[in-house]
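# Results of the structural survey
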Amino acid sequence: MSLSPFEHPFLSGLFGDSEIVELFSARADIDAMIRFEAALAEAEAEAGILADEVAQAIVSGLSDFAADITALRHGVAKDGVVVPELIRQMRAAVAGKAADKVHFGATSQDVTDTSLMLRLKMAAEIIAMRLGRLVDTLGDLASRDGHNPLTGYTRMQAAIGITVADRAASWISPLQRHLLRLQSFAQTGFALQFGGAAGTLEKLGDNAAAVRIDLARRLGLADRPQWQSQRDGIAEFSGLLSLITGTLGKFGQDIALMAELGTEIRLSGGGGSSAMPHKQNPVNAETLVTLARFNAVHISALHQSLVHEQERSGAGWMLEWLSLPQMVTATGASLLIAERLAGQIDRLGAGENEPQGDRHLP
């Protein structure tokens, strides 16, 4: 067992997704926070809030900034968030008269949430690419074997004869819908968080909206007035993740049941048993079921995190930190596993001169 099977030295062989995991590393988080602070200085200079040379000094000073991770850890223990200590280090790196203008008008949650949005946007692009690829792969399987007969099952009992194409449609169609949902969400769902101390951007005065719009543009995020206590967008994205893994879990469950019958599918590369060398365990199929249930449990935590007190919640916010990265990683891993599983399917349905199994109705 491990605190994080997604990064465990050997459990990651089953659950790992290094591409997604990297997006939630300390390095990726800090890099995104640096992007926010540099872009903020440029947007404020554009609005005349900062002098051009001050903004240039900030951008230059942050260009090769390297954080002291040990000091950040101590800072989080004291402040409950990394930003105060990170800004202290950034100001030391910028130095001179520009130092105290680093982070001007922003607050810790602006930096933290915007970093998250930048990284979730990248994760969504990876997930969408994998979704599209899996839809194509399953479509190829359906084209190859779609005419083959299967026994249809309702409520775990043999029902009537169907074809592989019929069952494959129940895997492919929801994935196509999830891809459309994800693409639609991506248009406006990944939004800049920029509200200042209590969401009013009081330090920027009449320039507040202009700076926010420009900052969102520079970061490639949607412009939205502060949403620091409005977490419905994060809950909606998490729901999409759970829909994706739930559909992949159905795919895995179906494959595992077909493998149990023995005549409806031919799989290659199954998992071995230490006690029964003859076995070919459908490990990838089982893992899809596990990750579907994992995300189904964690979505409740993200719905709990919708409850933010007044203008900011520490408790609801921290709950996201515990649950959301694991949900994203579970989704990425599920798509990789599903693609591997699809590649193991040598045949779907009963082949010529092969019975469909001894559990079908006469």
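Now for a look at the structure at hand. What you are looking at is a predicted structure, and each value in this text was computed from that prediction instead of being measured. (Residues numbered from 1 in each chain as written. Predicted model: local features only at pLDDT ≥ 70, side-chain atom pairs only at ≥ 80, totals over all residues. Heavy atoms only, no water.)

## A closer look at the overall build of the protein
Secondary structure assignment for the protein yields twelve helices and four strands. Dimensions along the principal axes, computed over C-alpha positions, put the protein at roughly 85 × 40 × 35 Å. Split into buried and exposed, the 362 residues of the protein put 51% on the buried side. Across the protein, the fraction of contacts at a sequence separation of at least 24, relative to all contacts at a separation of at least 6, is 77%. Entry remark: accessible area of the protein is about 17000 Å², with carbon and sulfur atoms responsible for 55%. Between the averaged position of the 31 positive side-chain charges in the protein and that of its 42 negative side-chain charges there is a distance of 3 Å. (Helix = DSSP H or I, 4+ residues; strand = E, 2+ residues; numbered from the N terminus. Buried < 20%, exposed > 50% of the residue type's maximum accessible area, 1.4 Å probe, protein only. Contact = heavy atoms within 4.5 Å. Areas by Shrake-Rupley, 256 points an atom, 1.4 Å probe, with all protein chains shown as cover. Lys, Arg positive; Asp, Glu negative; His and termini not counted. Charge placed at Lys NZ, Arg CZ, Asp CG, Glu CD.)

## A short note on the nonpolar core
Counting residues in each nonpolar core, the largest one holds 100 residues, and the members touching the most others are F194 and I255. Here the element with the most residues in this core is helix α7 (residues 108-145); it accounts for 16 residues. Here I255 is in contact with W171, I265, L267, A285, L341, I345 and L348, once residues within four sequence places are set aside. (Core = buried A, V, L, I, M, F, W, Y, C linked by side-chain atoms within 4.5 Å.)

## Digging into the side chain of Q193
Its place among the elements puts Q193 in the loop between α8 (164-188) and α9 (208-219). At 2.9 Å, the side chain of Q193 forms a polar contact with the backbone nitrogen of W227. Filtering out sequence-adjacent residues up to four positions away, Q193 remains in contact with F36, Q109, D110, D113, T114, Q226, W227 and Q228. (Polar contact = N/O pair within 3.5 Å; in protein donor to acceptor, adjacent residues only side chain to side chain.)

## What about the packing of helix α11 (residues 283-304) against helix α12 (residues 314-344)?
Running from N to C, α11 and α12 point in directions that differ by 160 degrees, and their axes come no closer than 9 Å. Classed by the angle they form, the pair α11 and α12 counts as roughly antiparallel. Between α11 and α12 lies a crossing whose hand is left-handed. Of the residues belonging to the contact of α11 with α12, the class tally is 15 nonpolar, ten polar and two charged. (Axes fitted to C-alpha atoms, helices over the stretch in contact; angles between N-to-C directions. Parallel < 35°, antiparallel > 145°, perpendicular 65-115°, else oblique. Left-handed = near helix turned anticlockwise from the far one by under 90°. Nonpolar A, V, L, I, M, F, W, Y, C, P; charged D, E, K, R; others polar.)

## A word on α7
Under the 1.5 Å per step criterion, the end-to-end length of α7 is 55 Å for 38 residues, consistent within 8% with the ideal 56 Å. With 27 of 38 residues buried, α7 lies mostly within the body of the structure. (Expected span 1.5 Å × (residues − 1).)

## Quick notes on the packing of aromatic side chains
Applying the stated rule across the entire model yields eight aromatic pairs. A ring pair is formed by F6 and F294, whose centres lie 5.8 Å apart and whose planes are at 75 degrees; its orientation type is edge-to-face. Within this pair, whereas F6 is found in the segment before α1 (12-15), its partner F294 is found in helix α11, the two being separated by 288 residues in sequence. For F294, a relative accessible area of 22% puts it in the partly exposed group. Chaining the aromatic ring pairs together yields one cluster made of F6, F15 and F294. The ring of F104 is capped by K101, whose NZ or CZ atom sits 5.1 Å from the centre of that ring. (Phe/Tyr/Trp six-rings, centres within 6.5 Å; stacked < 30°, edge-to-face > 60°. Lys NZ or Arg CZ within 6 Å of the ring centre and 35° of its normal.)

## Quick word on unusual backbone geometry
Its identity is not glycine, yet R155 carries a phi of approximately 55 degrees, on the positive side. Relative to the helices and strands, R155 is located in the loop between β1 (149-154) and β2 (157-163). Take R155: its relative accessible area is 82%, and that puts it in the exposed class. Backbone geometry places M156, a non-glycine residue, at a positive phi of 65 degrees.

## Overview of the packing of helix α3 (residues 26-46) against α9
The N-to-C vectors of α3 and α9 enclose an angle of 135 degrees; their axes lie 9 Å apart at closest approach. Considered as vectors, α3 and α9 are oriented oblique to each other. Relative to α9, α3 is oriented so that their crossing is right-handed. Only V211, D214, L215, R218 and L219 of α9 make contact with α3, whose side of the interface consists of R35, F36, A39, L40, E42, A43, E44 and E46. Split by residue class, the contact of α3 with α9 holds seven nonpolar, no polar and six charged.

## Description of the environment of V76
Residue placement: V76 occurs in helix α5 (residues 69-79). Between the alpha carbons of V76 and V283 there is a distance of 40 Å; along the sequence they are 207 residues apart.

## Considering α5
Buried residues of α5: A71, L72 and G75, and no others. End-on view of α5: buried residues confined to an arc of 100 degrees, all on one side of the axis. Turned more than 90 degrees from where α5 packs its buried face, R73, H74 and A77 sit exposed. Buried residues along α5 sit in contact with α3 and α6 (83-94). Where α5 begins, the capping side chain belongs to D68, and its oxygen is found 3.2 Å from the backbone nitrogen of T70. Two residues or fewer after α5 comes G80, characterised by a positive phi angle close to 80 degrees. (Arc of directions from axis to C-beta.)

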